[in-house]
Amino acid sequence: MLGETALGFQHVLAMYAGAVLVPLIVGEALGLTPEQLTYLVAIDILLCGVATILQIVSNRFFGIGLPVVLGCTFTAVGPMIAIGGQYGISAIYGAILVSGLFVVLISGFFGSLVRFFPPVVTGTVVTIIGITLIPVAINNMGGGQGASDFGSLTNIALSFGTLLFIVFLFRFSSGFMKAIAILLGLVVGTIAATLLGKVDFSPIANASYFHMVEPFYFGMPTFELPAILTMILVAMVSLVESTGVYFALGDITKKNIKEKDLAKGYRAEGLAIVLGGIFNSFPYTAFSQNVGLIQMSGVKSRKIIFIAAIMLVTLGFVPKIAAVTTIIPPSVLGGAMIAMFGMVIAQGIKMLSTVVTDSQDNSMIIACSVGIGLGVTVVPELFIQLPSSVQILTSNGIVAGSVTAIVLNILFNMLPSKNRQRAAAAVKDNAINQG
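The residue numbering used here restarts from 1 in each chain and proceeds along that chain's sequence as written. Residues qualify for local features only when their pLDDT is at least 70, as the model is predicted, and side-chain atom pairs are given and counted only at 80 or more; totals for whole chains, interfaces and linings, by contrast, use all residues. Heavy atoms throughout the structure, all of them, feed into the side-chain values; hydrogens and water do not.

Glancing now at the overall build of the protein. Only DSSP runs of H or I reaching four residues or more are called helices, and only runs of E reaching two or more are called strands; each is numbered from the N terminus. Looking only at helices and strands, one finds 20 helices and 2 strands in the protein. Sequence separation of 24 or more characterises 83% of the internal contacts of the protein that already satisfy a separation of 6 or more. For the accessible areas, the method is Shrake-Rupley and the probe is 1.4 Å, while residue cover comes only from the protein chains on display. For the protein, the accessible surface area stands at approximately 18,800 Å², while carbon and sulfur atoms represent 67% of it. For the purpose of charge, His is not counted, nor are the chain termini; Lys and Arg are scored as positive and Asp and Glu as negative. Taken as the charge centre is NZ of Lys, CZ of Arg, CG of Asp or CD of Glu, depending on the residue. Of the charged side chains in the protein, 20 are positive and 17 negative; the average position of the first set lies 14 Å away from that of the second. Any two residues whose heavy atoms approach within 4.5 Å are treated as being in contact.

Any carboxyl oxygen of Asp or Glu within 4 Å of a side-chain nitrogen of Lys or Arg constitutes a salt bridge here. Applying the stated criterion across every chain, the model contains 1 salt bridge. Between Asp149 and Lys198 there is a salt bridge; the shortest N-O distance is 2.5 Å. Of this pair, Asp149 sits in the loop between α6 (119-141) and α7 (153-172) while Lys198 sits in the loop between α9 (181-195) and α10 (202-206), placing them 49 residues apart in sequence. To sort residues, take the accessible area from a 1.4 Å probe on protein chains only and compare it with the maximum for the residue type: under 20% means buried, over 50% means exposed, and anything in between is partly exposed. Note on Asp149: relative accessible area 28%, which makes it partly exposed.

Here an angle of 0 to 180 degrees is reported between the N-to-C directions of two axes, which are lines fitted to C-alpha atoms, with helices fitted over the stretch in contact. The interhelical angle for the contact between α6 and helix α16 (residues 330-353), taken along N-to-C directions, is 165°, at an axis separation of 8 Å. Relative to α16, the element α6 lies roughly antiparallel. The chirality of how α6 crosses α16 is left-handed. Here the residues of the contact of α6 with α16 sort into 19 nonpolar, 10 polar and no charged. For classification purposes, angles smaller than 35 degrees are called roughly parallel, those larger than 145 roughly antiparallel, those between 65 and 115 roughly perpendicular, and all remaining angles oblique. Left-handed describes a crossing whose near helix is turned anticlockwise from the far helix through less than a right angle; right-handed describes the clockwise counterpart. When residue character is reported, Ala, Val, Leu, Ile, Met, Phe, Trp, Tyr, Cys and Pro are called nonpolar, Asp, Glu, Lys and Arg charged, and the others, Gly included, polar.

A few words on helix α17 (residues 360-378). Working rule for helices: expected span equals 1.5 Å times residues minus one. Along its 19 residues, α17 runs 27 Å from first to last C-alpha, staying within 8% of the 27 Å computed at 1.5 Å per residue. The set of residues buried in α17 consists of Asp361, Asn362, Ile365, Ile366, Ser369, Val370, Gly373 and Val376. Considered in projection along α17, the buried side chains sweep an arc of 150° and stay on one side of the axis. For α17, the exposed residues set more than 90 degrees away from the buried face come down to Gln360 and Val378. This arc corresponds to the set of directions leading from the helix axis out to the C-beta atoms.

So, on to the packing of α9 against α16. α16 packs onto α9 with a crossing angle of 160° between their chain directions and a minimal axis gap of 9 Å. Put simply, α9 runs roughly antiparallel to α16. Crossing of α9 against α16: the hand is right-handed. Residue-level contacts link Ile182, Leu186, Gly189, Thr190 and Ala193 of α9 to Val332, Leu333, Ala336, Ala339 and Met340 of α16. Classifying every residue of the contact of α9 with α16 gives 8 nonpolar, 2 polar and no charged.

In structure tokens:
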């Protein structure tokens, strides 16, 4: 049992940095108080465990029954910050709630919708989201937007020191140490900041040892159509990414993944997202870093993941532990953000690398979508003169870029397919006739 507990804790460590960074980044950007930030981290950790249990405890309605760990998706960070800045925090949770219900409703036939989200679309969306997050990281590297010591040598030294330490670990370590490089970077950076007198320990002292979860902690949700569309797009992209994780784990565990299994997996994710909306947390998706850990350790048991999930739920009930993460200075967080957000961009580029050389059409889809997405993010007032009904799709760079990618993919890769087949057949016939 001790060995199984150790293996479960290893999975917790592998996903912990990703799990706590999302609430820290979003909470800092939205200007939450230390108490609110502690709650956000605690409830997120707890729901990571609940979401994981929903997947591994398979039944006829939900749960794919694979050793999969769920955590909050980084794809949602940029959209949540944008929605919170424009409509307020209540609109974030209204949008998450609706997107979760949407996923539950489409779970049975999402497999047939996947063709609208090939790598050229999902890769473009992930790339846009990663790029739009970089300014958030840079502001934190300077000490946080509006900080009195913004850009000071101390903040720059801490942020780049943290980043260099993470890069050093990635370069010279392997296996599990490499998997938790971000987490170790945050720990070392915070220790250095403590020695420089940049850490405030009062949030830990003020946090309680136990709390009960509270639905709608930040108030009743509000529903804004642009925000809802944004989070539905995020959910769709997350489902596509999770599909890849499901098949990877199916291959590792020698389980044949069928359409009904995928539907149960999608439904469990939808339920987890709904819980995120109710308890004011985040959308949840399958974590790929834990797949790497399963491959590395060779331990494929769902029991180990269940133990990890119980640990996460337990940690989520202890605000004192959650508060430890909230003392990380913005500059240290910013250094880690560069690595994390850079990995999001790298993941998008990796997805695109498989299709960009296939045809000039894909290059045009990527060029226009990234250009529009980035352009609207930088100059959001571009479409201010358009009717409000149209601005639903143009007021947010991520939505504008995503819609552009979907429409252009249909135009270039789906509608003309029959004509291309006829043209190819005609060329072949001509070649035969001339021969």
